[in-house]
Amino acid sequence: MNKAIDADSKPTFEHEEVQSNPPAPRGKISLLRDIKQSPKVAGYCLALTSGIILYGYDLAIVSNVSSMPEFQHDFGRKLDGHLIIPSLWLGLWNVASPIGGIFGAIFGGYVQDRLGRRSALAFASIISAIGVAIAYVSNLPDGIDGRRAVFFVAKLVQGYAVNMLMCTVQTYMSEVLSPTLRGPILAFFPLFTLLGQLIGSIVVFTSLKEKGPGGYLKCFISQWPFSGLPLLVSFLLPESPTWLIRKDRVDAARKSQRRLDAPRVDSEAAIEKLCSSIRHEDEQAQNHPASYFECFRGNNCRRTMIVLYANLIPQLFGLTLMSKASYFLQIVGMGATNSLLFLEVGVGLGLLANIVSMWTLSRFDRVPLIMFGLAVTTILWTGMGILGCFQGVVTIWWSAVTMMLVITFCGATTWPASYAVGAEASALRLRAKSQGLGWVVNGLSNGVFGLVLPYIFNPDEGALRAKTGFVYTGFCLLALAATWYIVPEMKDRTPIEIDRMFEMQLHARKFKAQTFNDETSPKGPSATPV
């Protein structure tokens, strides 16, 4: 690969522009200007949100279909005169999607590096359609355990597909976006996840009162169009220039870059800088292959651990519990109709918060945003836990309000900022693999929380109900300490600057103040802390 780069691009580090001062805060006007300067990139990233919508839609369907009386009739049992889903099967269904997601993320990282980002996107879309088909026939077996097992398999396959989609989309976006657009555009992840959840929850709500299996089967079949959209996008999308350069296809990378850039942008200069960054990373890696093992070697280990932690943050502030909000609120004491209405209102508020996050991520640093959201969420969960010690209408309604406020505050701060941190922490050469590992942690943690939570709040086991808020108080406090200690500030930094700071082994809190002298080689950075 180095020969191809030297022959075609002739990049040099000496001519690369390096910021002599820490990145300045950027406001709303700058964000709009940056989007106008890169309209094609923004458009392609918007098209890629079809995969994110599928992820959110799948979360809403498989998490809230269990709150439908007809589904509970065909897949549940009676307890004290009320239909419930047994904790064992509820836990297994909750863990099925994350388990499938673990394998999907690992295989997704391999497919991305082997066949390209577009091929991984198409493959995941096809697998998603297969998962939907299995869910659609899950009610056909005569025995109830057989029906439950088929639905388990459907969730396993669908989890495999959506996690492969998500790590591919995150890898592609992080590779083609400029430093100033990384945060705002990566805010698409929570934004369109919630949009998918909102559409899914509306579908579940409108099907709630249908008699027979037709209601929940309609929910399953409605996932097919969302599975097909990423497949269509994969045919229209230009391949990632980063992947093409790593495959010694520099001419093809130039063509892709020209498709991504606006007419007045110097695509050749962008390719030269990209080649420089990749060549530098290869030299630092001493030509070791870009494997999963390499992600834990040397400085890459620290960078990978940051990616893994960033993918864990949503579980720590309570995303898994909120994904099954309608069922949880029914356990607390709310009726099925009101619980689904609160779910839709909460998702709507989260959507508005995520739209605001496109501004907050362009204006404020990542670490303060994450910590502010976690601090507010800690107070909210504690309040719900305290009221959970008492039984009554106030506890029921305050639990619903708490969940809406948590998704609102985290939707504007912690949640989107975690995607930005996870996308920019890894080296370019290991980005697909590290994103795959990140989504492995996401799937694993989601599975563990999904399996354990029913045993915490469900009435046939722990029966904590609203006192579950105390559990998340502890997780949020843990996340606050971990964020301050391990997450560096990388807002508006170029890949070469981030590489240099990790090579210097700076403490996380020194990244923001770090400056570089102009015309500094990454082989021996002459850097001066401020």
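Residues numbered from 1 in each chain as written. Predicted model: local features only at pLDDT ≥ 70, side-chain atom pairs only at ≥ 80, totals over all residues. Heavy atoms only, no water.

### Structural notes on empty space enclosed by the protein
Under the counting rule described, the total for this entry stands at nine cavities of 30 Å³ or more. Put simply, the largest cavity is a space of about 200 Å³. Lining the largest cavity are 18 residues, with M322, A325, L343, G346 and V347 sitting closest to its centre. Those elements that place two or more of their residues in the lining of the largest cavity are helix 3 (39–64), helix 9 (188–206), helix 16 (319–323), helix 17 (325–332), helix 18 (336–363) and helix 20 (393–412). Looking at side-chain class alone, the lining of the largest cavity contains 14 nonpolar, four polar and no charged residues. For the lining of the largest cavity, the domains that each give at least three residues are domain 1 (37–237) and domain 2 (294–511). (1 Å grid on protein atoms, 1.4 Å probe; cavity = no way out; pocket = protein on both sides within 12 Å on 5 of 7 lines; lining within 4 Å. Points joined across faces, edges and corners; volume = space filled by probe spheres on them. Helix = DSSP H or I, 4+ residues; strand = E, 2+ residues; numbered from the N terminus. Nonpolar A, V, L, I, M, F, W, Y, C, P; charged D, E, K, R; others polar. Domains from an automatic or database assignment.)

### Quick look at the environment of E503
Checked against the element boundaries, E503 lands in helix 24 (residues 495–503). Once the C-alpha coordinates of E503 and G298 are considered, the two residues, 205 residues apart in sequence, prove to be 9.4 Å apart.

### Considering the side chain of S227
Considering the arrangement of structural elements, one finds S227 in helix 11 (residues 223–236). In this structure S227 touches L54, S125, S128, A129 and V132, once residues within four positions along its chain are discounted. (Contact = heavy atoms within 4.5 Å.)

### Let's talk about the domain arrangement of the protein
Partitioning the protein into domains gives domain 1 (37–237) and domain 2 (294–511). Computed over C-alpha atoms only, the centres of domain 1 and domain 2 are separated by 19 Å. Counting from both sides, the interface comprises 55 residues of domain 1 and, opposite them, 54 residues of domain 2. Put simply, domain 1 and domain 2 have two salt bridges between them. Taking the shortest distance from any N to any O, the salt bridge between D113 and K433 comes out at 2.6 Å. Along the contact surface separating domain 1 from domain 2 lie nine residue pairs in polar contact (both at pLDDT 80 or more). Counting residues per element, the side of domain 1 that touches domain 2 draws most heavily on helix 5 (residues 87–115), which supplies 14 residues. Here the side of domain 1 that touches domain 2 is composed, by residue class, of 30 nonpolar, 19 polar and six charged. (Salt bridge = Lys/Arg side-chain N within 4 Å of Asp/Glu carboxyl O. Polar contact = N/O pair within 3.5 Å; in protein donor to acceptor, adjacent residues only side chain to side chain.)

### Observations regarding the packing of aromatic side chains
The full count for this structure, using the stated rule, is 30 aromatic pairs. Aromatic pair Y216 and F220: ring centres 6.0 Å apart, planes at 65°, arrangement edge-to-face. With Y216 and F220 both in helix 10 (residues 214–221) and four residues apart, the pair spans about one turn of that helix. Across the pair, exposure class does not vary: Y216 and F220 are buried alike. Site record: aromatic cluster; members linked through ring pairs are F71, F75, W89, W93, F151, Y216 and F220. Here R363 stacks its cationic end above the ring of F364, 5.5 Å away from the centre of that ring. Sitting above the plane of the Y292 ring, K433 keeps its charged end 5.6 Å from the centroid. (Phe/Tyr/Trp six-rings, centres within 6.5 Å; stacked < 30°, edge-to-face > 60°. Buried < 20%, exposed > 50% of the residue type's maximum accessible area, 1.4 Å probe, protein only. Lys NZ or Arg CZ within 6 Å of the ring centre and 35° of its normal.)

### Here's the deal with unusual backbone geometry
Even without being glycine, D492 reaches a positive phi, approximately 65°. Position of D492 among the secondary structure elements: in the loop between helix 23 (468–486) and helix 24. Of note, Q505 is a non-glycine position whose phi angle comes to about 55°, a positive value. For Q505, the position within the fold is in the loop between helix 24 and strand 3 (514–516). Among the residues examined, Q505 registers a relative accessible area of 59% and is labelled exposed.

### Comments concerning the pattern of salt bridges
Here the idea is simple: oppositely charged side chains can pair when their charged atoms come close. A complete count under the given rule lists 15 salt bridges for this structure. The residue R182 makes a salt bridge to E424 at a minimum N-O spacing of 2.8 Å. A residue pair is termed long-range when its members are at least 10 positions apart, and R182 in helix 8 (residues 179–186) and E424 in helix 21 (residues 414–424) qualify at 242 residues. Its salt-bridge partner being R303, residue D499 comes within 2.8 Å of it at the nearest N-O pair. In this pair, D499 sits in helix 24 while R303 sits in helix 15 (residues 299–317), placing the two residues 196 residues apart along the sequence.

### Considering the environment of Y136
Residue position: Y136 is located in helix 6 (residues 117–136). Judged by its relative accessible area of 36%, Y136 is partly exposed. A C-alpha to C-alpha distance of 39 Å links Y136 and I370, two positions 234 residues apart in sequence.

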